[in-house]
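# Descriptive structure summary
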Amino acid sequence: MSTPSRFKKDKEIIAEYESQVKEIRAQLVEQQKCLEQQTEMRVQLLQDLQDFFRKKAEIETEYSRNLEKLAERFMAKTRSTKDHQQYKKDQNLLSPVNCWYLLLNQVRRESKDHATLSDIYLNNVIMRFMQISEDSTRMFKKSKEIAFQLHEDLMKVLNELYTVMKTYHMYHAESISAESKLKEAEKQEEKQIGRSGDPVFHIRLEERHQRRSSVKKIEKMKEKRQAKYSENKLKSIKARNEYLLTLEATNASVFKYYIHDLSDLIDCCDLGYHASLNRALRTYLSAEYNLETSRHEGLDIIENAVDNLEPRSDKQRFMEMYPAAFCPPMKFEFQSHMGDEVCQVSAQQPVQAELMLRYQQLQSRLATLKIENEEVKKTTEATLQTIQDMVTIEDYDVSECFQHSRSTESVKSTVSETYLSKPSIAKRRANQQETEQFYFMKLREYLEGSNLITKLQAKHDLLQRTLGEGHRAEYMTTRPPNVPPKPQKHRKSRPRSQYNTKLFNGDLETFVKDSGQVIPLIVESCIRFINLYGLQHQGIFRVSGSQVEVNDIKNSFER
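So, here is what we can say about the structure in this document. (Residues numbered from 1 in each chain as written. Predicted model: local features only at pLDDT ≥ 70, side-chain atom pairs only at ≥ 80, totals over all residues. Heavy atoms only, no water.)

A separate point is the overall build of the chain. Each helix and strand in the chain was counted, giving 13 helices and zero strands. Secondary structure elements of the chain occur, N-terminal to C-terminal, as α-α-α-α-α-α-α-α-α-α-α-α-α. Going through the 559 residues of the chain one by one, you find that 39% of them count as buried. Look at the contacts in the chain between residues 6 or more apart in sequence, and 86% of them connect residues 24 or more apart. When the accessible area of the chain is evaluated, it comes to approximately 33,700 Å², of which 53% is carbon and sulfur surface. (Helix = DSSP H or I, 4+ residues; strand = E, 2+ residues; numbered from the N terminus. Buried < 20%, exposed > 50% of the residue type's maximum accessible area, 1.4 Å probe, protein only. Contact = heavy atoms within 4.5 Å. Areas by Shrake-Rupley, 256 points an atom, 1.4 Å probe, with all protein chains shown as cover.)

All right, on to the pattern of salt bridges then. Tallied over the full model, the rule gives 19 salt bridges. Among the salt bridges present, the one from E436 reaches R138, with a minimum N-O distance of 3.0 Å. Of this pair, E436 sits in helix α10 (residues 423–467) while R138 is found in helix α3 (residues 95–196), placing the two residues 298 residues apart along the sequence. Judged by its relative accessible area of 1%, E436 is buried. (Salt bridge = Lys/Arg side-chain N within 4 Å of Asp/Glu carboxyl O.)

Counting 63 residues, the largest nonpolar core has L158, F326 and F332 as its most contacted members. Mapped onto this core, the elements with two or more residues apiece are α1 (2–78), α3, α4 (205–270), α8 (323–326), α9 (352–391) and α10. Take this core: its biggest share by element is 13 residues, from α4. Counting the residues that make up this core, at least three belong to each of domain 1 (10–195 + 210–293) and domain 2 (363–392 + 422–472). The residues touching F326, leaving out its near neighbours within four places in the chain, are Q31, C34, Y258, L262, I266, F318 and M319. With 25 residues, the next largest nonpolar core counts L46, F129, L309 and F402 among its residues. (Core = buried A, V, L, I, M, F, W, Y, C linked by side-chain atoms within 4.5 Å. Domains from an automatic or database assignment.)

Taken as a whole, this structure holds zero disulfides when the rule is applied. Its sulfur unpaired, C268 is 7.0 Å from the next cysteine sulfur, which belongs to C269. Look at C268 and you get buried, because its relative accessible area is 2%. (Disulfide = S-S within 2.5 Å.)

Attention shifts here to the packing of aromatic side chains. Summed over all chains, the structure comprises twelve aromatic pairs. Ring centres of F52 and F53 lie 5.2 Å apart, and the angle between their planes is 85°; this geometry places the pair in the edge-to-face category. Plain terms: the ring middles of F53 and Y284 are 5.2 Å apart, the flat faces sit at 70° to each other, and that makes the pair edge-to-face. Placement of F53 in helix α1 and of Y284 in helix α5 (residues 273–291) is noted, with a sequence separation of 231 residues between them. Y284 matches F53 in its accessibility class, with the two residues each being buried. An aromatic cluster is present here, built from F52, F53, Y121, F129 and Y284 joined pairwise through their rings. The ring of Y273 is capped by R42, whose NZ or CZ atom sits 4.1 Å from the centre of that ring. (Phe/Tyr/Trp six-rings, centres within 6.5 Å; stacked < 30°, edge-to-face > 60°. Lys NZ or Arg CZ within 6 Å of the ring centre and 35° of its normal.)

Attention now goes to α5. Between its first and last C-alpha atoms α5 spans 27 Å; for 19 residues at 1.5 Å apiece the expected length is 27 Å, and the two agree. Among the 19 residues in α5, 18 count as buried, and that is most of the element. (Expected span 1.5 Å × (residues − 1).)

Structure below.
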């Protein structure tokens, strides 16, 4: 009757394990879909930006031609007039006529500026968006390869846990069976001893001899079953210990993947995207600011949006959009078997010496792995910094394209060169791709090493707690750089305000009246910063910062 019950219990345990693994597997698939969807959305966004700027360039070109026709129409009309002859002679005109000529010159200048703007859109901005689209697709493919490797490693860990759990169940079942047989032998021995105690005067000599022989057989059977039980019990203890160690290592690996590795994979997909998009949009801003300074108010809104291109907040939002995919799963719990209430690693004899040796081996191997992985980490960080230096170069200023002179040369002679035609750009991109390849190789090596350290560290710590040997070793699984530091931006200088009242150490009412700001800019900035980062940082606006940085920020707001 015990066999069906045991089989049913094993079946429930296996079903629960498979259900949890199935959920994790579904999450891994969903994560890949989310990352792929994000890349597709980026490519589509970049395509829309290209179409937008291509159409805008056509409009600017048409506008430039219309302005040129307008200016030429009236310039041809005035060339035969006396005023024009007088202008060619001594350039001395009445003020209304002089204004008229200046107005026509201004129209021609605007025509040239809009032609320059159209050329920048076609040969600079659009080409940048094309490059970003290619880079985003390439980054996703490389990140996808690493993700598949991590998924395979994670499933290997889960399969290993399943195998160890089945082994533990098998040995524990054998131990229970051996114990049952031993108890049966003991009962037979007691029964035989009870018969031996009957009055001997009724038993013949031959029967007496048979009883003694039977008692000896039962004693010999009991000894065999006792030895079998001890052997199976020892196997059961070892199997349970291995199961608990593997369980701890599996939970540590799963936790590391969801808390650290996922974040690193998203960073890989984002590598260079925000910085490159920042450069492309800043090229557009530079052209627009040089074209028409009176449009600063409207362009400030766009620049503010460009300033807010930040991978950390994007990543946070992205993960919050798909909580079901990126939420870490529940830890695997120890599944007791057939009333086995021991849920800790047993360090008693005869397994204590084996556990001690294993603990020492883990400690030695961890020390070596941590040193090696730390070196790989340093190389990864240095390579990442090199990539960041490449993608944050400030090459978006096109102010030299808007230099005007009295020359009547064709517009095409003064426009910017095609962005991709510059040799230095092609060489820099080749170096960037080569560095990216090295970075992904080192990142893969680092993640594999840190995964191994995580598993070994979990087993090491559990053994250390079990054996009671001092404090737990410091957890050395370090993360690779999460997000590159935001490149420092140099805002273009704006006309200084006409008010002199100080914002800091001054009167607030006087400042509001003098500046015309109903809500001071610093208050809006602080509120915006709290909305963006208030939930991710502890002690925001409470923990004191560097006084030098505080003074710099104050001076920036005063300006």
